[in-house]
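These are the residues of each chain, in order.
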Amino acid sequence: GSVVSVANLPWSATEEQVRAAFARCGEIAAVECRTQQLRGGKRRYVGYVQFGSSAAAAAATALNGTDFGGRLIKVEAASGSARRKGKGGQRRGAAGAAT
């Protein structure tokens with residue numbers, strides 16, 4: 001697929017910062033960052049980057065384990081079910097505020 005998930009993002013990360021970090025991988029069609037509710041009441045902040053091609057998405061997975069805002073991010077191909085699981089979470093826009 002052409003979508004990657006980006007886990008372990010810092011809570012302060014914006015969609016624009018994620019877009020900038022992955023821009024060198026190829027054309028980006030969309031970026032979404034949101035909180036996900038986990039079992040046990042914990043939450044995590046995750047991003048999804050949709051690329052214009054599967055080759056660009058594959059290139060993005062090379063960023064797995066790299067530093068983003070002081071945290072080591074986990075980048076992997078996103079399954080459709082993983083993206084739907086987060087539905088209903090809060091999204092953050094340019095200002096980093098919940099939208």
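Everything here concerns the structure above.
Sequence positions are assigned chain by chain, starting from 1 and proceeding in written order. This being a predicted model, a pLDDT of at least 70 is required before a residue's local features are given, and a value of 80 or more before pairs of side-chain atoms are given or counted; all residues contribute to the totals for chains, interfaces and linings. The basis for the side-chain values is all heavy atoms of the structure; hydrogens and waters are excluded.

Student: Please set out helix α1 (residues 15–22) residue by residue, giving values where relevant.
Tutor: Note on classification: 1.4 Å probe, protein chains only; a residue is buried when its accessible area is under 20% of the maximum for its type, exposed when over 50%, partly exposed between these limits. Secondary structure elements follow DSSP: runs of H or I of four or more residues count as helices, runs of E of two or more count as strands, with numbering from the N terminus. Taken together, the buried positions of α1 are occupied by Glu15, Val18 and Phe22. For α1, the arc enclosing every buried residue in end-on projection is 60°, short of the 170-degree limit, so these residues lie on one face. At its buried positions, α1 is contacted by β1 (3–7), β2 (28–37), β3 (43–51), α2 (54–60), β4 (67–68) and β6 (74–77). The directions considered for the arc are those from the helix axis to the C-beta atoms. A contact between two residues is defined here by any heavy atoms of the two lying within 4.5 Å.

Student: Give me the packing of aromatic side chains: which residues, what numbers.
Tutor: Describing an aromatic ring pair means giving the distance of the ring centres and the angle of the ring planes. Any Phe, Tyr or Trp ring, taking Trp's six-membered ring, that has another such ring centre within 6.5 Å forms a pair; planes under 30 degrees apart are called stacked, those over 60 apart edge-to-face, and the others tilted. Per the stated rule, a full pass over the model turns up 1 aromatic pair. Taking 5.6 Å as the distance between ring centres and 20° as the angle between the ring planes, the aromatic pair formed by Trp11 and Tyr45 counts as stacked. Here Trp11, found in the loop between β1 and α1, pairs with Tyr45, found in strand β3; they are 34 residues apart in sequence, far enough to count as distant. Residue class for Trp11 comes out partly exposed when judged on its relative accessible area of 32%. According to the relative accessible area criterion, Tyr45 is buried, its value standing at 2%.

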